[in-house]
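A look at the structure
Chain by chain, the residues:
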Amino acid sequence: MNNSFIIALDFPDKKGVTQFLQPFENEKLFLKVGMELYYQEGPQMILDLKSQGHQIFLDLKLHDIPNTVKSAMKGLARLECDLVNVHAAGGAEMMSAALEGLEQGTATGKKRPLCIGVTQLTSTSEEQMQAEQLIQVPLQESVLHYASLSKQAGLDGVVCSPFEARDIREQCGSSFLTVTPGIRLSTDDIQDQKRAATPDFAREEGVSAIVVGRSITRAEDSAVAYHHIKQLWEGVRL
Ligand SMILES: O=C(O)c1cc(=O)[nH]c(=O)n1[C@@H]1O[C@H](COP(=O)(O)O)[C@@H](O)[C@H]1O
């Protein structure tokens with residue numbers, strides 16, 4: 001899972017995904033299916049992508065009472081994704097329940113999907129967090145707190161921005177995953193993201209994986225954009 005490059009397939013339907021994947025015909029990718037696509041196409045979309053040999057991050061950000069999250073995860077485990085997530089704000093009990101559900105739903109001899117906790121969304125700024133969530137500590141501290149809570153609950157890592165990844169690794173250990181969305185080229189518009197960073201900065205901060213959506217999916221030539229960002233992520237001299 002370390003050094004992964006995850007593409008966010010934020011498309012409204014399977015047709016958009018098929019068109020997007022055409023130039024990548026011979027490549028095995030790590031693809032993220034989120035709410036937009038999953039709510040339209042359902043589990044079959046995951047099975048189709050898996051049958052093409054891709055790795056899957058199913059990003060549904062579960063956040064509900066422990067019993068509901070446990071049952072939902074039990075069902076999702078049957079899809080045999082590589083990675084799933086929950087909101088750490090749901091609490092340690094909910095996160096442990098998510099893991100229990102995943103373990104119960106994983107078929108004998110198969111690997112349980114890795115499970116990570118969303119700390120503070122990368123679209124959240126410190127000002128917004130303090131004003132709207134009434135969390136009065138600095139954002140970095142809130143993210144570190146959620147990372148510790150996720151680790152205590154047994155999760156495999158967190159979703160955070162590259163700005164927090166180094167401190168999280170120091171606090172939670174180098175095997176604890178830091179998966180970082182909000183990745184933009186320095187020339188890109190950051191849109192709704194607040195804690196956006198470049199792929200090179202993410203690499204320097206030692207994050208486990210980057211998640212890139214619009215900088216690839218909305219690029220004039222998605223394959224060119226993907227390979228350019230991948231080179232920056234891998235530290236290839238351009
Ligand atoms: O869990 C996520 O994947 C996620 C967490 C987070 O804090 N921020 C965040 O942007 N994401 C997801 O990462 C992707 C980022 O997409 P772009 O901003 O288009 O690169 C989207 O699919 C988001 O749903």
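Looking up the protein chain in an unreviewed UniProt entry gives the name Orotidine 5'-phosphate decarboxylase, with the organism given as Cytobacillus purgationiresistens. According to its UniProt record, the protein chain has this under Function (unreviewed entry): "Catalyzes the decarboxylation of orotidine 5'-monophosphate (OMP) to uridine 5'-monophosphate (UMP)."

1. Quick word on the environment of Q133
For Q133, the position within the fold is in the loop between helix 6 (126-132) and helix 7 (139-152). Q133 sits 109 residues away from F24 along the chain, and the two C-alpha atoms are 41 Å apart.

2. Focus on the nonpolar core
One finds A98 and I210 to be the most contacted residues of the largest nonpolar core, which totals 63 residues. Dropping the residues within four chain positions of it, A98 is found in contact with L62, V69, K70, M73, V86 and C115.

3. Focus on the site of the ligand
Lining the immediate environment of the ligand, one finds 19 residues, of which A8, L121, P181, G213 and R214 sit closest. Elements supplying a minimum of two residues to the shell around the ligand: strand 3 (55-62), strand 8 (209-212) and helix 10 (214-217). Within the shell around the ligand, the residues separate by chemical class into seven nonpolar, eight polar and four charged.

4. Section: helix 8 (residues 162-172)
All buried positions along helix 8 are accounted for by P162, E164, A165, I168, R169 and C172. The buried residues of helix 8 occupy an angular sector of 145 degrees when projected down its axis, which confines them to one face. Those residues of helix 8 that are buried are in contact with helix 7, strand 6 (157-159), strand 7 (177-180) and helix 9 (199-204). G173 sits one or two positions beyond helix 8 and adopts a positive phi of about 100 degrees.

5. Quick look at helix 7
Each α-helix winds once per 3.6 residues, and so residues spaced three or four apart point in a common direction. End to end, helix 7 covers 20 Å across 14 residues, agreeing with the expected 20 Å (1.5 Å per residue, within 8%). Here helix 7 has its buried residues at L139, S142, V143, L144, Y146, A147, S150 and K151. Directly beyond the C-terminal end of helix 7, a positive phi value near 100 degrees is found at G154.

6. Quick word on the UniProt feature "active site" (unreviewed entry) in the protein chain
Mapped onto this numbering, the UniProt entry gives "active site" (unreviewed entry) at K61. By the secondary structure assignment, K61 is in strand 3. Given 15 C-beta atoms within a 10 Å radius, K61 is considered partly exposed.

7. A short note on the packing of helix 7 against helix 8
The N-to-C vectors of helix 7 and helix 8 enclose an angle of 40 degrees; their axes lie 10 Å apart at closest approach. As judged from the angle between their axes, helix 7 and helix 8 are oblique. Here the hand of the crossing between helix 7 and helix 8 comes out right-handed. Residues Q140, V143, L144, A147, S148 and K151 of helix 7 form the contact with helix 8, whose own contacting residues are E164, D167, I168, Q171 and C172.

8. Re the sheet that holds strand 2 (residues 30-34)
What links the strands of a sheet is backbone hydrogen bonding, and the strands pair in either a parallel or an antiparallel sense. Overall, parallel pairing links the eight strands, which are arranged 1-2-3-4-5-6-7-8 in a closed barrel. Direction aside, the axes of adjacent strands within the sheet are offset by 25 degrees on average. Most of the contacts of helix 5 (residues 92-105) go to strand 5 (residues 114-118), to which it runs at about 160 degrees, and overall it touches strand 3, strand 4 (83-87) and strand 5.

9. A short note on the environment of A89
Position of A89 among the secondary structure elements: in the loop between strand 4 and helix 5. A residue is classified by how many C-beta atoms lie within 10 Å of it, and A89, with 17 of them, is partly exposed.

10. Section: the packing of helix 4 (residues 66-77) against helix 5
Orientation of helix 4 relative to helix 5, taken along the N-to-C sense of each, is 30 degrees, at an axis distance of 7 Å. When the axes of helix 4 and helix 5 are compared, the pair comes out roughly parallel. Pair helix 4 / helix 5 crosses with right-handed handedness. The segment helix 4 lies against helix 5, with P66, N67, V69, K70, S71, A72, M73, K74, G75, L76 and A77 engaging E93, M94, A97, A98, E100, G101, L102, Q104 and G105. A per-class count over the contact of helix 4 with helix 5 returns 10 nonpolar, six polar and four charged.

11. With respect to the pairing of strand 5
Here strand 5 lies mainly inside the structure; four of its five residues are buried. Bridging between strand 4 and strand 5 involves five bridges; their strand directions are parallel. Residue pairing across strands places V84 opposite C115, the latter belonging to strand 5. Where the polypeptide runs from strand 4 across helix 5 and back to strand 5, its parallel neighbour, the crossover connection is right-handed.

Rules used in this analysis
Residues numbered from 1 in each chain as written. Predicted model: local features only at pLDDT ≥ 70, side-chain atom pairs only at ≥ 80, totals over all residues. UniProt positions renumbered as here; feature names shortened; annotations may be inferred. Helix = DSSP H or I, 4+ residues; strand = E, 2+ residues; numbered from the N terminus. Core = buried A, V, L, I, M, F, W, Y, C linked by C-beta atoms within 7 Å. Buried ≥ 20, exposed ≤ 12 C-beta atoms within 10 Å, placed from the backbone. Contact = placed C-beta atoms within 7 Å. Near = placed C-beta within 6 Å. Nonpolar A, V, L, I, M, F, W, Y, C, P; charged D, E, K, R; others polar. Arc of directions from axis to C-beta. Expected span 1.5 Å × (residues − 1). Axes fitted to C-alpha atoms, helices over the stretch in contact; angles between N-to-C directions. Parallel < 35°, antiparallel > 145°, perpendicular 65-115°, else oblique. Left-handed = near helix turned anticlockwise from the far one by under 90°. Pairing = 2+ DSSP bridges. Right-handed = clockwise from strand over helix to strand, strands pointing away.

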